[in-house]
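Residues per chain, in single letters:
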2 protein chains.
Amino acid sequence: MLPRIHALLGLLAAAGLQAETGNQAWLRYAALDDGATRQVREALPATLTALSDSPVAESARGELIRGIRGMLGRTLRVESRVPREGGIVLGTLAGIRKAAPHLPLAANLEADGYWLKTLRVDGARYLVITAENDRGVLYGAFALLRKIGLGESVADLDDRQTPYAPVRWVNQWDNLDGSIERGYGGRSIFWDNGNVREDLGRVSDYGRMLASLGIGACAINNVNANPRVLASDFLPQVVRIAGAFRPWGVRVALSVDLGIPKTVGGLDTFDPLDPRVTAWWKSKADELYRAIPDLAGFVLKADSEGRVGPSAYGRTHADAANVVARALAPHGGLFFYRGFVYDHRMDWRNPKNDRARAADDNFRALDGKFDDNVVLQIKNGPIDFQAREPASPLFGTLEKTNQAVELQITQEYFGQARHLVFLVPMWKETLDFDMHARGAGTPVKALVSGKTFRRPSGGFVGVANVGLDENWLGNHLSQANLYGFGRLAWDPNLSARQIAEEWTRLTFGDDPKVVATIAGMQLASWRIFENYTGPLGLQTLTDIVGNHYGVSVEASERNGWGQWHRADERGVGMDRTIATGTGFIGQFRPPVAAVYESLKTCPDDLVVFLHHVPYTHLLHSGKTVIQYIYDSHYEGEQAVAEYARQWESLKGRVDDRRYQEVLAQLEYQGGQAQVWRDAVARWFHRASGIPDAKGRVGRYPGRVEGEAMKLEGYAVSEVKPWEAASGGKAIECAAARCVASFSYDGAPGWYALQVRYFDQNNGASRFRLWVANQLAGEWAATDRVPTRKVDGSSSARRTVSGIALRPGDEIRIEGLPDGGETAAIDYIEVRPDRN
Amino acid sequence: MLPRIHALLGLLAAAGLQAETGNQAWLRYAALDDGATRQVREALPATLTALSDSPVAESARGELIRGIRGMLGRTLRVESRVPREGGIVLGTLAGIRKAAPHLPLAANLEADGYWLKTLRVDGARYLVITAENDRGVLYGAFALLRKIGLGESVADLDDRQTPYAPVRWVNQWDNLDGSIERGYGGRSIFWDNGNVREDLGRVSDYGRMLASLGIGACAINNVNANPRVLASDFLPQVVRIAGAFRPWGVRVALSVDLGIPKTVGGLDTFDPLDPRVTAWWKSKADELYRAIPDLAGFVLKADSEGRVGPSAYGRTHADAANVVARALAPHGGLFFYRGFVYDHRMDWRNPKNDRARAADDNFRALDGKFDDNVVLQIKNGPIDFQAREPASPLFGTLEKTNQAVELQITQEYFGQARHLVFLVPMWKETLDFDMHARGAGTPVKALVSGKTFRRPSGGFVGVANVGLDENWLGNHLSQANLYGFGRLAWDPNLSARQIAEEWTRLTFGDDPKVVATIAGMQLASWRIFENYTGPLGLQTLTDIVGNHYGVSVEASERNGWGQWHRADERGVGMDRTIATGTGFIGQFRPPVAAVYESLKTCPDDLVVFLHHVPYTHLLHSGKTVIQYIYDSHYEGEQAVAEYARQWESLKGRVDDRRYQEVLAQLEYQGGQAQVWRDAVARWFHRASGIPDAKGRVGRYPGRVEGEAMKLEGYAVSEVKPWEAASGGKAIECAAARCVASFSYDGAPGWYALQVRYFDQNNGASRFRLWVANQLAGEWAATDRVPTRKVDGSSSARRTVSGIALRPGDEIRIEGLPDGGETAAIDYIEVRPDRN
């Protein structure tokens, strides 16, 4: 007896006000303010006719009802026919022409594109949301809701949109055990303990988010693939996920391993040219497509970082790619072959060795050898998602191969969602970079989308790695990167500012101060992050063989992983020139290579990525390299300190929960920026022997090192790397309770005490700070950071302000270790109170 | 090794931002904005010397540190001596004179009073907080913090305060099982399951709140006392509570039962004149004081509402009071004898019977017969905490007896913390009312404080009934009543506006719009409540023999409880005149009685409390009584609807959590005000037969009664009282699922549907509302209201707005009963959408 829209039931529950958890991301559909509402209410019809009952069309209809109810407080009337009074009409072009031939809709649309069109017929007004396919209709519904959310007029629409590229995918590096490689938003939404999750509600929610951006496929397991994902008895699990995504037009893809015919298939080989291997892949693909007819395809990482590959049989990447691709082709599946192939056991002593060369070296000769449903998936830069890299030369090399740019949404090298970094400006710099592949005017975006060389496929792949955390990515502000990826994949000509402002309005509301402040912070954040972690193309100076998080300047050196910056006493940088270096620059087309080859024209931002220079080398700005390193780190740290002040200006304008969560994150980031600043500046200060012209590096007024205090129980230890701790040393407690103290000998006044301590993930030490025998602060070291050691990742800061100091006061810190954590302390800094 | 201020440890935990739960009430010490901060920071010394280490003095010191840290972000330096650089000095006059004789402090202060005094000595500035006793010092510390919180200057203080009256107590009607009689803020903070609670943290917090208001004692069990509270083996439990209160200067008092010598003591009598009874009370008091030397005293309810009393032996109330008081006297304890003595089995047919007379009738002859440590505890009005009563005449009668006014903080007859009612304006009307007890100029406040007749004791008793709910009283805005009681008890000359603004600033911050809006709502709320529940002295027209919550106009009639309003076809009101009525007016002194006796001078607000008048009687305003009843209910309902709109204007200015909780409460209250309006207006309309001049009563455009719908499963039932349901009827569902529907026949357009249903406390029915086969709303009836029946208390409202209706649309409500709840529905009202 209940009609079929019973399925909408759940959507109605959220009528009341609720805490903003971030779980709705930019799809909150919060009530608009009265001014905006009036305009839209007048323009918007009251009825909604959906001319299809496919699951995707149902999603479009449900989303429109939900969004308009949320933003405008109105429930659209669902009509089964197109009413005479006018209304919103939702359907494919074919569907509308059949059901409502009186609506004049002369247009041809491409797949996934949409058309929002206001029509006036016999005095009635229709708002038509139409497309070639149901997925396009869904994208059109989201587009209309976005317009309403952004306060744009919907009175007289004629908006026809076609996606810039056919490939708009995300990859998730989720392991079947539920962990996520380089995931910072909690455990997998797909997997737990080797199986698919019982509750796939978050998968459906994720599908909705992806659909709102026009993203049509998602690879649901790590590219370092567990072969079990292709086992026949595992298939029903994948089917369930495909079912959860399907109503949102999101197709499932799988990461596979080239060795699977052997490990899962039971063959004694995985040689791509062996007919048994060919047959196995074909049979496996047929089996998969019987269960999941809309499977999007496969992703493969081969011959890289320990994965098996065609080299085992002396075959080429093209051999490997084509055998799989031919199994997928009859079903319309795509095969993404990752360009991220390099040798991680290179001899670092050979100055001609260069990891940056690897992709081009590996794939240049294979151009033209790949089938038409193979897509080469190429990271934006030649190394690995570093803070600053040139575009990968391979984009400009390939002419007869489909390609896709792989952008990393998850912030592996960008503070792992503990630091604010909006990646869209960086992505745009790559996408807009002119590779001169067919003369001037062939930016990366045109190459990867297939426009330049008229390739049948290509586009954008984002490594998203969302997780079960309520806000998906571990940080409310990091959601902007997922949003920005999707928007760029749809239209890379959008400006970073437009994307930042769109996202802020939809996510935090349209208060102009909120929009200006948050968008401003986002837009500045990449440069700021670069400034305090490694500018001039140094790459992120992090623990490169470990967690990729904390500062560790030398971690990349003297090992086979090839992320060398070759800083020593004399200078810094990788000589990648054609003339004297590794020749990497020669992989670019000549007009690009010419700019990079000469120090006269090489941009400052990439100077030490491409050249080895002395510290005294003068940049185009007129500054020496060493002074630039000092200055940028101080500027970066200062800018991060400002984030919290900027955010505080939004109190009361942003909901309390997200206000507090973001503020805590920004305060933490401020402490990390200090560690980075001091570590990098001191490292280069020691290496170069050149003093900071502004006298800051090595001088820390008010700072008292732990090792200089009077210690009871605490013992001095060497920190590795040395630059991660002030003075290279910390004090650690091996007893149940230790005390460190010193006597204050400055002027009387109001002060803040900054305690620099270490908060590892293997214990919850407690600290108490006493001033003149009075308890001034106490806290526990319970943060989640990716280290069990006293190092740059665990370095943390506690500020206790509003303390009246008098000469002779004893300042005493008491540490109570816990588990593997030694209540380690670096220093206490006495600073004039900022109030 | 840890210094003794270790006890402050817990206070430091709350450094970060937290959700506003209301648990800190007006003592949040939220950070002040920068402007206010600068002024205070400059004026406030950096050090704090406390010249006593009593627990109360420690509380004062800790509170100052906590408050200044919270509001100003500074930690006062605790010094053991008075420093030469100046500082805050905290101590009794005697203590300071001894430890710091150089500070000139010539003053005499009364117990519990305090003096905040800025002194300049040898160029140093001291801020002295001093008092006669430690409790006064604590009150001074709270006063300084309040000044800071209110943004007042603390630069040059000379503020000497003496409490208006010696008695400033609260009573809690907590039962030993953990329930609270007339408590609306959760279960008892003291008791659970017959014993004291394990965790008395909330008792300590409550002590702090009371101390901040200068309240010095708390009776911790129901006046309908469980005799076990005086059993010897129970004493250790009381001792624990006294210990939790003691650091805040709050002394414990106990409610006792006059029969205890028999029930607990094992005597065969409790005759107050029996020497064994005398001896028993003395021995019991001595035992108690050995365990609790600062026990404040006892409270007794006798010969009332089923409690035993001296009448059992033909003794007087004075006999009963004095035997107990004499046992307490050697220890300094007070004995509160409640004046709330009346016969609840009166013959309602006798027009001369009058419950309002009872207190005066019972105690007039005993004036002068009570010992000096007996205090007669008299409710503000002669009946029982009704929305409008005159002052109790007994206040003006007694000349030789200590008295205290009993004010009810818990909102028994004022919407039970589901309705916003700020009681301070009402209390002030009583306290300021001139009783002419010794000529003009003897207001109630002067009488109860003992000033008029120079009594040794007397003052203010508030029935608080806070509970374990995070916000103590069940409603954030109700906290203002506890605050207001305390402030009035300290100084009844404070204006209601000052109290409302103080409370709002301290509780919600000093945004001028927030202060103006909330204080404005509070100040208007008593009159508004009176308007929709029973004006002109009708009293609250509630279920008087039941829950005292929902509307039930006739519940007070034709029974022995004596709260009659005697409304019938001819007129309304109790004739309490001397000339023709019960003579109640004659209990007042002649100047007061003369004003009340004549309809010419009797205030409109009390007209039907004191007179029986025809409905056509013309009020001073020129309106008839019946039209006033109609108009006031419509005005009251309209004003409550406005509350939510006013509150919505504070979005973003009030923290999200309290914003949402209060908004939900105000929306609920809006629904209840509708029921009250319709019920009372319709009842008097039927009784009087006189139409509403404005044509509203009995005409409800857009309303479709449940009984007029097409019913599937639902059956029509009579509601009791009839006026609680529109049309006197509801529809109830005896099946698992029932449906009621009707066809909409109005104009097309946007509408809101108001569904009036019944939400009892014995089930959680579900409802679904469909419009033209589309789900428009669903909800569950899960509110906590004090009824298991379909009546005025359970009548609830759900508004579903933004619905596009077209003629012929079917509007259908589906009910799914649960437990004892029948998914009952009163009506659906179709209203034009307010947007």
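Located above this text is the structure these notes cover.
Residues numbered from 1 in each chain as written. Chains lettered and ligands numbered in written order. Predicted model: local features only at pLDDT ≥ 70, side-chain atom pairs only at ≥ 80, totals over all residues. Heavy atoms only, no water.

Visitor: Just to check I follow, could you spell out the environment of Ile378 of chain B for this structure?
Guide: Its location among the elements puts Ile378 of chain B in strand S14 (residues 374-379). Excluding residues within four positions of it along the chain, Ile378 of chain B makes contact with Ser392, Leu394, Phe395, Leu398, Gln403, Ala404, Val405 and Glu406 of chain B. (Helix = DSSP H or I, 4+ residues; strand = E, 2+ residues; numbered from the N terminus. Contact = heavy atoms within 4.5 Å.)

Visitor: Sorry, what's going on with the sheet that holds strand S4 (residues 114-121) of chain A here?
Guide: What links the strands of a sheet is backbone hydrogen bonding, and the strands pair in either a parallel or an antiparallel sense. All names here are of chain A. Here six strands make up an open sheet; going across it, the order is S2-S1-S3-S5-S4-S6 and the pairing mixed. Two strands bound the open sheet, and with one partner strand each, they are strand S2 (77-79) and strand S6 (158-161). Averaged over neighbouring strand pairs, the angle between their axes works out to 25° when direction is ignored. In terms of strand pairing, strand S1 (residues 47-50) meets S2 through three bridges, oriented parallel. Within S2, the position partnered with Leu48 by the bridge is Val78. Most of the contacts of helix H5 (residues 134-149) go to S4, to which it runs at about 75°, and overall it touches strand S3 (86-92), S4, strand S5 (124-131) and S6. (Pairing = 2+ DSSP bridges. Axes fitted to C-alpha atoms, helices over the stretch in contact; angles between N-to-C directions.)

Visitor: Which parts of the structure should I look at to understand the sheet that holds strand S6 (residues 158-161) of chain B?
Guide: All names here are of chain B. If you trace the six strands from one edge of the open sheet to the other, you get S2-S1-S3-S5-S4-S6, paired in mixed fashion. Each edge of the open sheet carries a strand with a single partner, namely strand S2 (77-79) and S6. Each neighbouring strand pair of the sheet contributes to a mean axis angle of 25°, computed without reference to strand direction. As judged from the eight bridges shared by strand S4 (residues 114-121) and strand S5 (residues 124-131), these two strands associate in the antiparallel manner. The residue bridging Tyr114 from the neighbouring strand is Ala131, located in S5.

Visitor: Is there a simple way to think about the state of the cysteines in this case?
Guide: Where two cysteines share a covalent bond between their sulfur atoms, that bond is called a disulfide. All names here are of chain A. In this structure the tally under the stated criterion is two disulfides over all chains. Between the sulfur atoms of Cys733 and its disulfide partner Cys738 the distance amounts to 2.0 Å. Around the S-S axis, the bridge from Cys733 to Cys738 shows a dihedral of about 75° and counts as right-handed. (Disulfide = S-S within 2.5 Å.)

Visitor: So what exactly am I meant to see when it comes to the pattern of salt bridges here?
Guide: For side chains bearing opposite charge, pairing can occur when the charged atoms are close. In total, this model carries 138 salt bridges over all chains according to the counting rule given. For Asp360 of chain B, the salt bridge goes to Arg364 of chain B, with nearest N and O atoms at 2.7 Å. Put simply, Lys445 of chain B and Asp432 of chain B hold a salt bridge, and the shortest N to O gap is 2.7 Å. Here Lys445 of chain B, found in helix H14 (residues 444-448), pairs with Asp432 of chain B, found in the loop between helix H13 (424-431) and H14; they are 13 residues apart in sequence, far enough to count as distant. Since its relative accessible area comes to 34%, Asp432 of chain B is described here as partly exposed. Salt bridges sharing partners connect three or more residues here, namely Glu637, Arg677, Asp678, Arg703, Glu829 and Arg831 of chain A. (Salt bridge = Lys/Arg side-chain N within 4 Å of Asp/Glu carboxyl O. Buried < 20%, exposed > 50% of the residue type's maximum accessible area, 1.4 Å probe, protein only.)

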